[in-house]
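# Structural overview
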Amino acid sequence: MRTSRLWWALAGLLAGAVGLALSYAAAAVLRVRVAPVVAVAEGVTALTPGPVARWAIDTFDTNDKLALVSGILVILAVVFALLGRAARQRWWLAVTGYVVLAAVGVVAVVAEPNTAFVDFVPIAIGLLAWIVTLAVLAEWLRRWELVEAGGEPAGEPTRTRRNFLALAAVTAGIAVAGGLVGRAAGAARRKAEQSRRLLRIEGVTAPAVPKGVTVGVEGVAPWQTPSSDFYLIDTAFIKPTIAPADWELRIHGMVERELRLSYDDLVSREVTEDWITLNCVSNEVGGKLVGNAWWSGVRLAPILAEAGPLPGADAVLQTSDDGWTCGTPLRVLTDERNAMLAVAMNGEPLPIEHGFPVRTLVPGLYGYVSACKWVVDMEVTRFDRFSAYWTDKGWSAQGPVKIASRIDVPHDGADVPAGEVVCAGAAWMQHTGISAVEVQVDGGPWQPATLANVPSVDTWVQWRISLTLPEGDHRLRVRATDKDGNVQTGAIADVVPDGATGWHTIAITAKA
Ligand SMILES: Nc1nc2c(c(=O)[nH]1)N[C@H]1C(S)=C(S)[C@@H](COP(=O)(O)O)O[C@H]1N2
Ligand SMILES: [Mo]
């Protein structure tokens, strides 16, 4: 009884360590971008007043981050020990403490940019591990105490103590194993991230947004999509982490000579750069799965010419490091367009989740048939000889983009002052270009919008129009015309099998 408080504190410490270690391992294995403890550390940094931060940097120098994480771990150790002690009399207090700690983690993760659902998995695992581990240890501590007090169940005190100690050792082992798994799994990502940070690719320039591309209406999606806001679509629950030195692209199949390109082989070639708008076939009418960035890479046409496609070949089956596949028409990879093996996005090496170190990009095609991230294999072949990832699931083998337009301002359901109302948005038909955008109010005549500039036919274009709206409810819709004269259809089609159609329509209310 005398020493039992210490044992309870030890149980709390062990349970805390197991939860942290398993959460750390989960974060590393799942390669979530923001591990909970790191997110908390970053949150603390963000909330630290300037003078305190300067003192910390002065005192700890470049070890400031290490000092902060260590500090957080020390505080956690104290909290864990206290929760363990509390659990002896008040189990609910320990559970409440764990829930509060997990909530702090959730808040910190939410505060990070671009959090995904998977970022919360390590917190859930940690919380579960805390509660289960403490429950198991507490159960044995109670038996031990009971036996020592001479109560039921009868048994030898030394045996119950030995059982508890054995269990404590196992628990410590789990914590250490979790930590080691986390280290090993995190190493690959760290290596890829570090090589990415150190990478300087000759010929890659910073983006300079061309003049006149914006209509200057607040609320319209920015013409250049920042990489951190660029939509993310892939099937990889665990993102490949490939250091450039470990990357190789094999081009084979119906070719005269098979090619193997290392990263250095690739970037020693002439770099091409372009503004290109990429969109997803799963984008609903009016949806946000579209973005425009400054891409740098190497044109695929000369590389494929070097391999020498054989007569009869009409497709390239691309395979990602994670096994995902897509089929791209050989023609679009070899014509005059800037189909490229991209190595940089917005002037920086590709972010890992956008395909680092190399992805394909083809203006004029939906991503699912062209924009292979982490691309490692290209087989020149025929469409009648394979089925790719999404074609297996009912999507069309061919995926040229469809003309689309979107109203960004006002937003659907908005109240606007009656009278003059500015309406604006974007339209796109990559590699053909947009020649006109029109807006219709309440089924009336189509009214022409003003288009902003574009550097090429491969990007989206912003548009705006000033409307006069009387008081009341209104329905606005938009349609575009491409540079071949094709007017966007109002016929509604689902995203399956080859992209949605229909006019983006919003309902607003003009108020006096
Ligand atoms: N390896 C791999 N590449 C992929 C995908 C994928 O699931 N795995 N999804 C594709 C789809 S459907 C789209 S729309 C684009 C999205 O690219 P982004 O995530 O960089 O915006 O990537 C394409 N490339
Ligand atoms: Mo997509």
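Residues numbered from 1 in each chain as written. Chains lettered and ligands numbered in written order. Predicted model: local features only at pLDDT ≥ 70, side-chain atom pairs only at ≥ 80, totals over all residues. Heavy atoms only, no water.

## Re the pattern of salt bridges
So the rule is basically this: Put simply, a salt bridge is a Lys or Arg side-chain nitrogen that is within 4 Å of an Asp or Glu carboxyl oxygen. In this text, helices come from DSSP runs of H or I with a minimum length of four residues, and strands from runs of E with a minimum of two, each type numbered from the N-terminal end. Partly exposed describes any residue whose relative accessible area lies between the buried limit of under 20% and the exposed limit of over 50%, with all areas from a 1.4 Å probe on protein chains only and scaled to the type maximum.
Within the structure shown, the criterion is met by 17 salt bridges. In this structure, the salt-bridge partner of Asp-246 is Lys-191, at a minimum N-O distance of 3.0 Å. Taken together, the residues Asp-246 in the loop between helix H7 (157-198) and strand S1 (248-253) and Lys-191 in helix H7 connect sequence positions 55 residues apart. In this structure, Glu-258 and Arg-250 form a salt bridge, with 2.8 Å as the shortest nitrogen-oxygen distance. By relative accessible area, Arg-250 is classed as partly exposed at 27%. Overlapping salt bridges bring together Glu-248, Arg-250, Glu-258, Arg-260 and Asp-377 as one network.

## A closer look at the site of ligand 1
Applied cut-off: Nearness is defined per residue: one heavy atom within 4 Å of the molecule or strand is enough. Whenever a nitrogen or oxygen atom comes within 3.5 Å of another N or O atom, the pair is scored as a polar contact, on the condition that within protein one atom can donate a hydrogen and the other can accept it, and that pairs from neighbouring residues in sequence are kept only if both atoms are in side chains. Here the accessible surface of atoms and residues is derived via Shrake-Rupley with a 1.4 Å probe, and residues count as covered only by protein chains that are part of the display.
Among the 19 residues in the neighbourhood of ligand 1, the closest are listed as Tyr-231, Thr-235, His-354, Arg-359 and Lys-373. Tyr-231 is positioned such that a nitrogen or oxygen atom in its backbone is 2.6 Å from an oxygen atom of ligand 1. For ligand 1, an oxygen atom lies 2.6 Å from a polar atom in the side chain of His-354. Protein chains bury 99% of the 530 Å² of accessible surface belonging to ligand 1 in isolation.

## Let's talk about the environment of Ala-192
Just so we agree on the cut-off: Throughout, a contact is declared for two residues whenever any of their heavy atoms are within 4.5 Å.
Examined against the element boundaries, Ala-192 turns out to sit in helix H7. The exposure class of Ala-192 is buried, given its relative accessible area of 1%. Not counting residues up to four positions away in its chain, the partners in contact with Ala-192 are Thr-241, Ile-242, Ala-243, Ile-352 and Phe-356.

## A closer look at the UniProt feature "transmembrane region" (unreviewed entry) in the chain
So the rule is basically this: UniProt positions are given in the numbering used here, feature names are shortened, and annotations may be inferred rather than shown by experiment.
Mapped onto this numbering, the UniProt entry gives "transmembrane region" (unreviewed entry) at residues 66-84, 91-111, 117-138 and 164-186. Helix and strand shares over residues 91-111 are 100% and 0% respectively, and the end C-alpha atoms of the span are 31 Å apart. Along residues 117-138 one finds 82% helix and 0% strand; the C-alpha atoms at either end are 32 Å apart.

## Notes on the packing of aromatic side chains
Geometrically, a pair of aromatic rings is defined through the distance of the ring centres and the angle of the planes. Formally: Here a Phe, Tyr or Trp ring, Trp counted by its six-membered ring, pairs with any other such ring whose centre lies within 6.5 Å, and the pair is stacked when the planes are under 30 degrees apart, edge-to-face when over 60, and tilted otherwise.
Under the counting rule described, the total for this entry stands at 16 aromatic pairs. Ring centres of Trp-144 and Phe-164 lie 5.8 Å apart, and the angle between their planes is 35°; on these two criteria the pair is classed as tilted. Placement of Trp-144 in helix H6 (residues 121-148) and of Phe-164 in helix H7 is noted, with a sequence separation of 20 residues between them. On the basis of relative accessibility, which here comes to 5%, the residue Trp-144 falls in the buried class. Of the residues examined, Phe-164 reaches a relative accessible area of 0% and is grouped as buried. The interplanar angle of 85° and the centroid separation of 5.9 Å between the aromatic rings of Phe-230 and Trp-295 together place this pair among those described as edge-to-face. Of this pair, Phe-230 sits in the loop between H7 and S1 while Trp-295 is found in strand S4 (residues 290-299), placing the two residues 65 residues apart along the sequence. There is no split in this pair, since Phe-230 and Trp-295 are both buried. Joined through ring pairs, the aromatic side chains of Tyr-368, Tyr-389, Trp-390 and Trp-395 make up one cluster.

## A look at the packing of helix H2 (residues 36-47) against helix H5 (residues 91-111)
What counts is decided by this rule: Here the axes come from fitting lines to C-alpha atoms, over the contacting stretch only for helices, and the angles between their N-to-C directions go from 0 to 180 degrees. Between 65 and 115 degrees an angle is taken as roughly perpendicular, under 35 as roughly parallel, over 145 as roughly antiparallel, and anywhere else as oblique. Each residue is assigned to one class: nonpolar for Ala, Val, Leu, Ile, Met, Phe, Trp, Tyr, Cys and Pro, charged for Asp, Glu, Lys and Arg, and polar for all the others, Gly among them.
Where H2 contacts H5, the two axes come as close as 8 Å, and the packing angle between them is 70°. What the angle tells us is that H2 and H5 run roughly perpendicular. For the pair H2 and H5, contact is made by Pro-36, Ala-39 and Val-40 and by Val-104, Gly-105, Ala-108 and Val-109, respectively. Taken together, the residues of the contact of H2 with H5 sort by class into six nonpolar, one polar and no charged.

## Regarding the environment of Arg-477
Topologically, Arg-477 is positioned in strand S18 (residues 472-482). Note: C-alpha distance between Arg-477 and Ala-424 (53 residues apart in sequence) is 11 Å. At a separation of 3.2 Å, a polar atom in the side chain of Arg-477 contacts the side chain of Thr-505.

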